[in-house]
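Report on the structure
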Amino acid sequence: MENILCAANAVNMMFYFNEEKYGILPQDVKDELKVICVLYCSDVGGMISLSFDESYKLIITTMEPIDEIGAELKVKKIQSEKAELFEKLEEFAEKLDKLSAEKEKKS
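We now turn to the structure provided with this report.

Time to look at helix H2 (residues 27-44). Its 18 residues place the ends of H2 26 Å apart at the C-alpha level, agreeing with the 26 Å of an ideal helix rising 1.5 Å per residue. Listed in full, the buried residues belonging to H2 are Val29, Lys30, Leu33, Ile36, Cys37, Tyr40, Cys41 and Val44. Projected down its long axis, H2 carries its buried residues within an arc of 125°, all on one side. Opposite the buried face of H2, by more than 90 degrees, sit the exposed residues Asp28 and Ser42.

In structure tokens, the structure reads:
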């Protein structure tokens, strides 16, 4: 099961952040995620989402970009430039799930 971290849509000009699950992230991290998503949509159109898979790997999913080649290059650039941020987010997501599981066991 994937856990959506955030997403943006160029058509509706909307940004979504999963505040319920990841709201404890610092505001500067939330802002950086918003910039990543909104710039992607502004540059190539379509939709982008950042989510975690079952092993807490951050997955970037895109749909319906206006420029397919530009979209692929943009994703590779994001992955390269934001590798450290994404690694820390993966660690955070894993620890957050473990803490939530421990809380559930205690209650």
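Right, let's get into helix H4 (residues 83-106). For an α-helix the count is 3.6 residues per turn, leaving residues at separations of three or four pointing the same way. Taking 1.5 Å per residue, 24 residues should reach 34 Å; H4 reaches 35 Å between its end C-alpha atoms and fits that length. On its buried side, H4 packs onto strand E1 (3-9), helix H1 (19-22), H2, strand E3 (47-52), strand E4 (58-63) and helix H3 (68-81).

What follows covers the environment of Glu87. Its location among the elements puts Glu87 in helix H4. With 79 residues separating them in the primary sequence, Glu87 and Ala8 have C-alpha atoms 21 Å apart.

For the rest of this paragraph, the subject is the side chain of Lys74. Within the secondary structure layout, Lys74 lies in helix H3. Exposure remark for Lys74: the relative accessible area of 17% places this residue in the buried category. Setting aside anything within four residues of it in sequence, one finds Lys74 in contact with Leu39, Tyr40 and Asp43.

It is possible for side chains bearing opposite charge to pair when their charged atoms get close. Summed over all chains, the structure comprises 7 salt bridges. Notably, a salt bridge pairs Lys30 with Glu19, separated by 2.8 Å at the nearest N-O pair. One end of the pair, Lys30, is in helix H2; the other, Glu19, is in helix H1, with 11 residues separating them in the sequence. Lys30 sits in the buried class, given a relative accessible area of 11%. Here Glu84 and Lys88 are joined by a salt bridge, their closest N and O atoms 3.3 Å apart. With Glu84 and Lys88 both in helix H4 and 4 residues apart, the pair spans about one turn of that helix. Classification of Glu84 as exposed rests on a relative accessible area of 56%.

Quick notes on the rules
- Residues numbered from 1 in each chain as written.
- Predicted model: local features only at pLDDT ≥ 70, side-chain atom pairs only at ≥ 80, totals over all residues.
- Heavy atoms only, no water.
- Helix = DSSP H or I, 4+ residues; strand = E, 2+ residues; numbered from the N terminus.
- Expected span 1.5 Å × (residues − 1).
- Buried < 20%, exposed > 50% of the residue type's maximum accessible area, 1.4 Å probe, protein only.
- Arc of directions from axis to C-beta.
- Contact = heavy atoms within 4.5 Å.
- Salt bridge = Lys/Arg side-chain N within 4 Å of Asp/Glu carboxyl O.

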